[in-house]
Number of protein chains: 2
Amino acid sequence: MTGRRGRPPKDVLSRDRILREALALVDEDGLAAVSMRKLARRLGVDPMSLYNHVDGKDALLDGIAEVLLAAIPPPPPGAGLRETMSALAHGFRAAMLGHPRAAPLVLTRQLASMTALAPVEAVLGPLLAAGFPPDRAVHALRAVLAFLIGTLMREVEAAPTFSGTDPEGVRRRLETLEEAGLPAVSAAAPFLAVCDHEAEFEFGLRILLDALAAG
Amino acid sequence: MTGRRGRPPKDVLSRDRILREALALVDEDGLAAVSMRKLARRLGVDPMSLYNHVDGKDALLDGIAEVLLAAIPPPPPGAGLRETMSALAHGFRAAMLGHPRAAPLVLTRQLASMTALAPVEAVLGPLLAAGFPPDRAVHALRAVLAFLIGTLMREVEAAPTFSGTDPEGVRRRLETLEEAGLPAVSAAAPFLAVCDHEAEFEFGLRILLDALAAG
DNA sequence: ACCTGAACACCGTTCAAGT
DNA sequence: ACCTGAACACCGTTCAAGT
């Protein structure tokens with residue numbers, strides 16, 4: 001009952017509030033725009049106050065990455081191996097696309113925290129239950145994860161025109177590809193000039209899950 | 001014959017010399033240490049002189065990435081589809097491992113230059129020759145590339161201890177994994193605590209090439 | 001055409017001081 | 001325990017001046 005009457009107890013600083021505001025800053029202005037000073041300004045606070053809750057800029061970026069990771073929903077409990085892996089892969093993608101400008105933090109950093117271990121457990125459980133020996137289960141997990149990281153990196157870094165929405169951008173890209181004078185590139189130019197990220201994602205994921213089911 | 005007598009014509013600045021020195025700087029001190037000023041100091045030149053040859057820091061980083069890409073050897077000319085793709089994949093990996101601290105520049109950036117198009121041509125040619133329709137050839141290329149980017153990112157960002165060389169680091173990691181109290185993670189902990197990057201690379205590559213050959 | 005140096009508007013972080 | 005502000009050692013890049 002104490003400290004909670006009248007208006008809220010004060011918009012006090014906290015690790016949580018700092019991370020939320022930092023994510024908003026990345027969403028709005030991109031990763032390059034993140035600075036301790038600018039973040040402090042947004043929070044109406046002295047830059048050095050942040051250091052009471054966050055262990056420097058690098059730890060701040062790790063923190064943002066963990067917020068993104070935490071947004072991956074757990075897979076449906078009763079599901080089989082393939083459905084579980086597919087659900088987690090789609091959940092991962094959705095979490096990254098929810099904050100495309102922050103996604104490279106997840107895709108680029110080696111995260112050691114517990115938050116990163118939850119999805120690992122969620123994949124490994126069904127793999128072991130399906131009879132995979134632990135070493136092969138880890139192999140499978142890592143192969144799929146590598147693919148996910150690679151495709152999502154392409155998707156979030158891609159210029160919006162690469163998705164094919166902007167016909168002028170596509171035309172320019174087509175032109176560049178043809179001008180290169182490389183025969184195979186020219187022949188495939190219409191397909192190189194655009195990228196249906198979702199289709200690429202589904203294609204690669206299917207191939208990998210098929211291979212794991214077979215192998 | 002002019003300007004080449006006595007000692008060399010002067011250790012003059014050039015885009016090439018700048019990129020080589022920048023790569024050396026990344027190799028020695030890491031990406032975070034790269035600054036226009038420090039690079040200029042190494043070259044014995046005013047920072048602003050760099051701008052006569054390179055279009056700012058971002059273009060410099062793109063330039064370094066292109067130097068790395070250019071180191072991928074062309075595949076053996078007479079080879080079949082699978083051998084060609086395998087050779088390029090291994091060449092890509094070798095190029096990144098030659099400069100692990102600079103590799104994220106390649107793995108992270110969308111490169112539009114001609115240098116990036118040469119390997120694409122080298123893959124697409126055999127794919128089309130093998131009868132792949134252009135759209136499926138591009139699909140295949142992108143799936144493999146996504147996997148390569150993901151695995152190599154893991155490999156170059158990994159702490160050296162993750163490779164299993166340092167038994168003390170492995171023990172600490174094992175402990176963390178067991179302490180998490182996640183059953184599947186605990187069961188697979190010995191395999192999660194280390195990573196044989198080469199084996200992971202070969203495993204994923206084989207799966208993908210098999211799938212493409214079959215499909 | 002290329003190089004220079006001063007200047008501007010920023011950075012992350014340490015440290016001593018406050019409450 | 002948390003917040004502050006000055007200070008230090010840096011940044012990338014613009015601009016006017018030199019050769």
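Note that the coordinates shown come from a computational prediction; the quantities given were computed from them, not determined experimentally. (Residues numbered from 1 in each chain as written. Chains lettered and ligands numbered in written order. Predicted model: local features only at pLDDT ≥ 70, side-chain atom pairs only at ≥ 80, totals over all residues. Heavy atoms only, no water.)

Undergrad: So, the overall build of chain A: which residues are in play, and what are the values?
TA: A count of helical and extended segments in chain A gives 10 helices and zero strands. When the elements of chain A are put in sequence order from the N terminus, they spell out α-α-α-α-α-α-α-α-α-α. Taken against the 2.2 N^0.38 rule, which gives 17 Å for 215 residues, the C-alpha radius of gyration of chain A at 22 Å runs more than 25% over that of a compact globule. Projecting the C-alpha coordinates of chain A onto the three principal axes gives extents of approximately 70 × 50 × 30 Å. In chain A, which comprises 215 residues, the share counted as buried stands at 45%. Counted over contacts in chain A with a minimum sequence separation of 6, partners at least 24 positions apart contribute 66%. Split by element, the accessible area of chain A, about 10600 Å² in all, is 57% carbon and sulfur. (Helix = DSSP H or I, 4+ residues; strand = E, 2+ residues; numbered from the N terminus. Rg over C-alpha atoms; globule rule 2.2 N^0.38 Å. Buried < 20%, exposed > 50% of the residue type's maximum accessible area, 1.4 Å probe, protein only. Contact = heavy atoms within 4.5 Å. Areas by Shrake-Rupley, 256 points an atom, 1.4 Å probe, with all protein chains shown as cover.)

Undergrad: Let's hear about the UniProt feature "domain: HTH tetR-type" (unreviewed entry) in chain A: which residues, and what values?
TA: Under the feature "domain: HTH tetR-type" (unreviewed entry), the UniProt entry names residues 12–72 of chain A. Across residues 12–72 of chain A, helical content stands at 61% and strand content at 0%; the span's end C-alpha atoms are separated by 28 Å. (UniProt positions renumbered as here; feature names shortened; annotations may be inferred.)

Undergrad: Let's hear about the UniProt feature "DNA-binding region" (unreviewed entry) in chain A: which residues, and what values?
TA: UniProt records the feature "DNA-binding region" (unreviewed entry) for residues 35–54 of chain A in the present numbering. Between the C-alpha atoms that bound residues 35–54 of chain A the distance is 13 Å, and the span itself is 40% helix and 0% strand.

Undergrad: Describe the packing of helix α1 (residues 15–29) of chain A against helix α3 (residues 57–70) of chain A, with residues and values.
TA: Residues and elements named next belong to chain A. At a minimum axis separation of 9 Å, α1 and α3 run at an interaxial angle of 85°. As the angle between them shows, α1 and α3 are arranged roughly perpendicular. Of the residues in α3, those touching α1 at R15, I18, L19, A22, L23 and V26 are L60, G63, I64, E66, V67 and L68. For the contact of α1 with α3, a count of residues per class yields nine nonpolar, one polar and two charged. (Axes fitted to C-alpha atoms, helices over the stretch in contact; angles between N-to-C directions. Parallel < 35°, antiparallel > 145°, perpendicular 65-115°, else oblique. Nonpolar A, V, L, I, M, F, W, Y, C, P; charged D, E, K, R; others polar.)

Undergrad: How would you sum up the protein's contact with DNA strand C? Please name residues and give values.
TA: In the vicinity of DNA strand C lie 18 residues, with R37(A), M48(A), Y51(A), S49(B) and H53(B) positioned nearest. In this structure, Y51(A) approaches DNA strand C through a side-chain N or O atom, which is 2.6 Å from a phosphate oxygen. In the model, a phosphate oxygen of DNA strand C is placed 2.7 Å from a nitrogen or oxygen of the S49(B) side chain. Counting residues per element, the surface near DNA strand C draws most heavily on helix α2 (residues 36–43) of chain A, which supplies four residues. Of the residues assigned to the surface near DNA strand C, the class counts are seven nonpolar, five polar and six charged. (Near = heavy atom within 4 Å. Polar contact = N/O pair within 3.5 Å; in protein donor to acceptor, adjacent residues only side chain to side chain.)

Undergrad: Quick rundown of the relation of the copies chain A and chain B? Include the residues and the values.
TA: Least-squares fitting of chain A to chain B yields an RMSD of 0.0 Å, with the superposition described by an axial translation of 0.0 Å and a rotation of 180°. Seen this way, the second copy is the image of the first under a two-fold rotation axis. (Least-squares fit on C-alpha atoms with pLDDT ≥ 70 in both.)

Undergrad: Explain the side chain of R17(A) to me, using residue names and the numbers behind them.
TA: Residue and element names in this part refer to chain A. With respect to the secondary-structure elements, R17 resides in helix α1. Accessibility expressed as a relative area gives 16% for R17, which makes it buried. For R17, the side chain forms a polar contact with the main-chain oxygen of V12, separated by 3.1 Å.

Undergrad: Mind laying out the environment of E178(B), listing which residues take part and the relevant values?
TA: Residue and element names in this part refer to chain B. Among the secondary structure elements, E178 is positioned in helix α8 (residues 167–179). On the accessibility criterion, E178 (43% relative accessible area) is partly exposed. Spatially, the C-alpha atoms of E178 and A189 are 6.8 Å apart, while their sequence positions differ by 11 residues. Once residues lying within four places of it in the same chain are set aside, the contact partners of E178 are S186 and A189.

Undergrad: Let's hear about the pattern of salt bridges: which residues, and what values?
TA: Residue and element names in this part refer to chain A. Inspection of the entire model under this criterion finds 22 salt bridges over all chains. Note that E21 is salt-bridged to R42, the shortest N-O span being 2.9 Å. A residue pair is termed long-range when its members are at least 10 positions apart, and E21 in helix α1 and R42 in helix α2 qualify at 21 residues. Because the salt bridges share partners, they merge into one network encompassing E168, R171, R172 and E175. (Salt bridge = Lys/Arg side-chain N within 4 Å of Asp/Glu carboxyl O.)

Undergrad: Any details on the protein's contact with DNA strand D? Residues and values, ideally.
TA: Neighbouring DNA strand D are 18 residues; S49(A), H53(A), R37(B), M48(B) and Y51(B) lie closest to it. What you see for DNA strand D is that sugar and phosphate hold 50% of its atoms within 4 Å of the protein. Between DNA strand D and D46(A), the relevant distance is 3.1 Å, taken from a phosphate oxygen to a main-chain nitrogen or oxygen of the residue. Here the residues of the surface near DNA strand D are counted per class, giving seven nonpolar, five polar and six charged.

Undergrad: Please give an account of the confidence of the model for chain A that cites residues and values.
TA: Across chain A, the average pLDDT comes to 93, with 95% of residues at 70 or higher. With pLDDT under 50 throughout, residues 1–10 of chain A is counted as low confidence; its partners more than four residues away or in other chains account for one contact. (pLDDT = per-residue confidence, 0-100.)

Undergrad: Let's hear about the interface of chain A and chain B: which residues, and what values?
TA: Facing the 47 residues of chain A at the interface are 47 residues of chain B. For the pair chain A and chain B, the summed buried area comes to about 4200 Å², and 72% of that belongs to carbon and sulfur atoms. There are two salt bridges connecting chain A and chain B. E200(A) is the salt-bridge partner of R142(B), the closest N and O atoms lying 3.2 Å from each other. Connecting chain A to chain B are 16 residue pairs in polar contact (both at pLDDT 80 or more). For the side of chain A that touches chain B, the secondary structure elements donating two or more residues are α5 (103–108), α6 (114–129), α7 (134–157), α9 (183–192) and α10 (197–214) of chain A. Considering each element in turn, the side of chain A that touches chain B owes the most residues, 16 residues, to α7(A). (Buried area = accessible area lost by both parts, 1.4 Å probe.)

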